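Fold and geometry: a report
The residues making up each chain are set out below.
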Amino acid sequence: MARILITEDEDSLRSFVARALRLDGHETHEAADGAEGLEKLSEGAFDLLLSDIRMPVMDGIELAHRAHSEFPAMKILLMTGYAEQRERADDLSLKIVDVVSKPFALPDIRKAVASALAG
């Protein structure tokens, strides 16, 4: 299955999503903010970056831009609970697969990840 990096500053949500994706057979790695996420990306090849948009240190928009320039083949899926953050992601339309709205149900994020990896 896929190697996925989950970058989310909310610990409980990050571990919830990681656990769900591991149940689908994926290998998950976690980061608490964009800067830590960028560090983890340099440690090995990932198939998918699943990142929150609104985070301290480095937000998901900047992380997506930097991740895409360094790892152009990697799929990027963003998450947000804020409508205005979703609009900020519009300039990334050629670099990301989609933006998932929070809150989401477990089947929703699993489906979004499966779709991103298949695309």
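This one's a predicted model, so the numbers in the text were calculated from it and none came from an experiment.

This part is about the UniProt feature "modified residue: 4-aspartylphosphate" (unreviewed entry) in the protein chain. UniProt's feature table lists "modified residue: 4-aspartylphosphate" (unreviewed entry) at Asp 52, given in the numbering used throughout. Inspection of the secondary structure puts Asp 52 in strand S3 (residues 48–52).

With that settled, the discussion passes to the nonpolar core. Formed by 19 residues in total, the largest nonpolar core has its most connected members in Leu 41, Leu 49, Met 74, Ile 76, Leu 78, Ala 89 and Ile 96. For this core, the secondary structure elements donating two or more residues are helix H2 (34–41), helix H3 (60–70) and strand S4 (75–80). Top element by residues in this core is H3. It accounts for 4 residues. Judged by nonpolar contacts, the second largest core, of 17 residues, contains Ile 6, Leu 21, Leu 50 and Phe 104.

Here we come to the environment of Arg 14. On the secondary structure map, Arg 14 appears in helix H1 (residues 11–23). Residue contacts for Arg 14: discarding those within four places in its chain leaves Ile 6, Glu 8, Asp 9, Glu 30, Ala 31 and Ala 32. Side-chain polar atoms of Arg 14 contact the backbone oxygen of Glu 8, separated by 2.5 Å.

Two elements in contact, H2 and H3, have axes whose closest approach is 10 Å; the angle formed by their N-to-C orientations is 15°. Overall, the two elements H2 and H3 adopt an arrangement that is roughly parallel. For the crossing formed where H2 meets H3, the hand is right-handed. Facing Gly 34, Gly 37, Leu 38 and Leu 41 of H2, the residues of H3 in contact are Leu 63, Arg 66, Ala 67 and Glu 70. Its residues assigned to classes, the contact of H2 with H3 comprises 4 nonpolar, 2 polar and 2 charged.

For the rest of this paragraph, the subject is the sheet that holds strand S5 (residues 98–101). Strands sit in the order S2-S1-S3-S4-S5 across an open sheet of 5 strands; the sheet is parallel. With partners counted over all chains shown, the strands left at the sheet margins are strand S2 (27–31) and S5, one partner each. Strand-to-strand, the axes of this sheet are offset by a mean angle of 20°, without reference to chain direction. Looking at chain direction, strand S1 (residues 3–7) and S3 are connected through 4 bridges and run parallel. Within S3, the position partnered with Leu 5 by the bridge is Leu 49. Set on the sheet, H1 makes contact with S1, S2 and S3; between it and S2 the angle comes to about 170°.

Calculation rules
Residues numbered from 1 in each chain as written. Predicted model: local features only at pLDDT ≥ 70, side-chain atom pairs only at ≥ 80, totals over all residues. Heavy atoms only, no water. UniProt positions renumbered as here; feature names shortened; annotations may be inferred. Helix = DSSP H or I, 4+ residues; strand = E, 2+ residues; numbered from the N terminus. Core = buried A, V, L, I, M, F, W, Y, C linked by side-chain atoms within 4.5 Å. Buried < 20%, exposed > 50% of the residue type's maximum accessible area, 1.4 Å probe, protein only. Contact = heavy atoms within 4.5 Å. Polar contact = N/O pair within 3.5 Å; in protein donor to acceptor, adjacent residues only side chain to side chain. Axes fitted to C-alpha atoms, helices over the stretch in contact; angles between N-to-C directions. Parallel < 35°, antiparallel > 145°, perpendicular 65-115°, else oblique. Left-handed = near helix turned anticlockwise from the far one by under 90°. Nonpolar A, V, L, I, M, F, W, Y, C, P; charged D, E, K, R; others polar. Pairing = 2+ DSSP bridges.

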